[in-house]
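If you want the building blocks of each chain, they are given just below.
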Amino acid sequence: MSSKVLVSGATGYVALWIIGELLSKNYTIIGTVRSEDKKNQLLQKFNAKYGDKFNSSNLILEIVKDIGKSNAFDEIFIKYKDIKYVLHTASPFAYGLGDDLNKEYLEPARDGTLNVLKAIVNHAPQVEKVVITSSQAAVLNLDKLNDSKFIHTEKTWNPLEWKDVNNEFLAYFVSKKVAERAAWDFIRDNQVNFKLITILPPYIFGPQFFDSDASGKLGTSAQIIKDLLKSDPNDYHLFDDIKYASTDVRDIAKFHIFALEISKLSNERIAPVAERFNQQLILNIINDNLPKFNGYIAKGDYQHEKDIESAGFDVSKSVELVGGYKFISLKQQVLDSVNQIVEFDDEFAKFR
Ligand code: NAP
């Protein structure tokens, strides 16, 4: 019988690609979603994408309205006694959620993570591995964001604490660090049977799992590319305010599967970081490779892209631990994202 995997936040950009990988490898997935409506819509989308090949007994959706509420995951582990692996991807990654930063960011990120771990300890001693989608937000030192000589590795920790948070960006950024820290503290302080892996993605780009999801407002990271497709063609300033590194969503999904399947990966932080990026570089890639956008989007300051400094990273340990890996390039991340948007978002129909 195929192994059972719990994936929290099954409607998410990253989770959907993970579920796609798991289905192709014949795992049985218990996915969590926040409402009956979301459950039905998601199952319809899988049916439409896979047709006859979709076996609904391989993807069972359960409702967890709010991961941050006490005991949020207990019922699931009581109901399914044979969950072997847990992939906890759910966490708020959006801005404009509300002024109560504790309630909107910290509690779901930190308490959501702890609720999964507590439920496993109390009800699921059979779980062998837990993979938590953390973030480079748990790694990055914002004071070094312009310093390419400061090298972030799997050992680096974001030095900010929750008391330093005074806006939504920092609320997301620090909630991820606090949540990951809480997970490592939990396994230090409790008797657990499972191994923990945390995945530390940088900005994630690349296509949506369902083409229809490419229309309208995208998730926070994918929207960065869509926003550049709406930039002002007369804008020649250097686009240097969003920068660091990016990885394709399809690679991020694969690293979650490596974390489950590679037995020597045990209590590790894994950083799948592909390439340096900044918004100017994305504009340059679009303008160089898709001439149909010339005159419709900003050129920015093409020549000075090379002068944009951003923090350094070295993830060679992570790559070595998975046995070597060739990441999808930034150019491909951008072109696959843009091509899908053009084809499936009618707002961009004139570029088809
Ligand atoms: P996403 O598309 O917004 O997915 C987030 C998922 O979490 C959704 O399924 C969402 O449900 C669920 N969720 C959020 N708050 C919840 C709550 N209180 N209770 C229950 N479910 C909740 O984001 P993503 O880009 O896939 O991100 C997935 C993970 O990767 C997150 O942990 C994020 O921090 C991490 N990450 C993302 C990036 C990136 O660039 N995208 C980079 C580094 C790390 P609804 O859809 O119903 O709201």
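Residues numbered from 1 in each chain as written. Predicted model: local features only at pLDDT ≥ 70, side-chain atom pairs only at ≥ 80, totals over all residues. Heavy atoms only, no water.

Under an unreviewed UniProt entry, the name given to the protein chain is NAD-dependent epimerase/dehydratase domain-containing protein, and the organism recorded is Wickerhamomyces mucosus. Under the UniProt heading Sequence similarities (unreviewed entry), the note attached to the protein chain is "Belongs to the NAD(P)-dependent epimerase/dehydratase family. Dihydroflavonol-4-reductase subfamily." (UniProt positions renumbered as here; feature names shortened; annotations may be inferred.)

Can you tell me about a nonpolar patch on the surface, naming the residues and giving the values?
Together, Phe93, Tyr95 and Phe169 give the surface a local cluster of nonpolar side chains, amounting to about 260 Å² of exposed area. With respect to the helices and strands, the residue Phe93 is situated in the loop between β4 (83-88) and α4 (101-123). (Patch = residues over 30% accessible without salt bridge, like charges linked within 9 Å, V, L, I, M, F, W, Y side chains within 5 Å. Areas by Shrake-Rupley, 256 points an atom, 1.4 Å probe, with all protein chains shown as cover. Salt bridge = Lys/Arg side-chain N within 4 Å of Asp/Glu carboxyl O. Helix = DSSP H or I, 4+ residues; strand = E, 2+ residues; numbered from the N terminus.)

Got a sec to walk through the site of the ligand? Specific residues and values, please.
In the neighbourhood of the ligand, 27 residues make up the surrounding shell, with Thr11, Lys38, Thr89, Tyr172 and Lys176 lying closest. Here an oxygen atom of the ligand and a side-chain polar atom of Arg34 are 3.0 Å apart. Take Ile67: an N or O atom from its main chain is 3.0 Å from a nitrogen atom of the ligand. Protein chains shield 87% of the accessible area of the ligand, which is 890 Å² for the free molecule. Among the secondary structure elements, those contributing two or more residues to the shell around the ligand are α1 (13-24), α5 (168-189) and β8 (203-205). Across the shell around the ligand, the residue classes break down as 13 nonpolar, nine polar and five charged. (Near = heavy atom within 4 Å. Polar contact = N/O pair within 3.5 Å; in protein donor to acceptor, adjacent residues only side chain to side chain. Nonpolar A, V, L, I, M, F, W, Y, C, P; charged D, E, K, R; others polar.)

Give a description of the pairing of strand β5 (residues 129-133) that names residues and reports values.
Of all five residues in β5, five are buried; the element is thus mostly enclosed. In β5, alternate side chains face the same way, and those of Lys129, Val131 and Thr133 on one face and Val130 and Ile132 on the other are all buried. With respect to chirality, the unit in which β4 leads through α4 into the neighbouring parallel β5 is right-handed. Where β5 meets strand β7 (residues 195-199), five bridges bridge the pair, whose relative direction is parallel. Across the sheet, residue Thr133 finds its bridge partner in β7, namely Ile199. (Buried < 20%, exposed > 50% of the residue type's maximum accessible area, 1.4 Å probe, protein only. Right-handed = clockwise from strand over helix to strand, strands pointing away. Pairing = 2+ DSSP bridges.)

Break down the packing of aromatic side chains for me, with residues and values.
Centre distance and the angle of the planes are the two values used to describe a pair of aromatic rings. The full count for this structure, using the stated rule, is 22 aromatic pairs. Both rings, one in Trp17 and one in Phe209, keep their centres 5.1 Å apart while their planes meet at 85°; by these two values the pair is edge-to-face. Of this pair, Trp17 sits in helix α1 while Phe209 sits in the loop between β8 and α6 (222-228), and the two are 192 residues apart along the sequence. Under the relative-accessibility criterion, Trp17 is labelled buried at 17%. Between the aromatic rings of Phe258 and Tyr325, the centroid separation amounts to 5.7 Å while the plane-to-plane angle is 80°, which identifies the pairing as edge-to-face. With Phe258 in helix α7 (residues 249-261) and Tyr325 in the loop between α9 (316-321) and α10 (330-344), this pair connects stretches of sequence that are 67 residues apart. An aromatic cluster is defined as three or more aromatic residues linked by ring pairs; in this entry it consists of Trp17, Phe46, Tyr50, Phe54, Phe209 and Phe210. Across the ring face of Trp157, the terminal group of Arg181 is positioned such that the distance to the ring centre comes to 4.5 Å. It is Arg269 that lies over the ring of Trp157; its NZ or CZ is 3.7 Å from the centre. (Phe/Tyr/Trp six-rings, centres within 6.5 Å; stacked < 30°, edge-to-face > 60°. Lys NZ or Arg CZ within 6 Å of the ring centre and 35° of its normal.)

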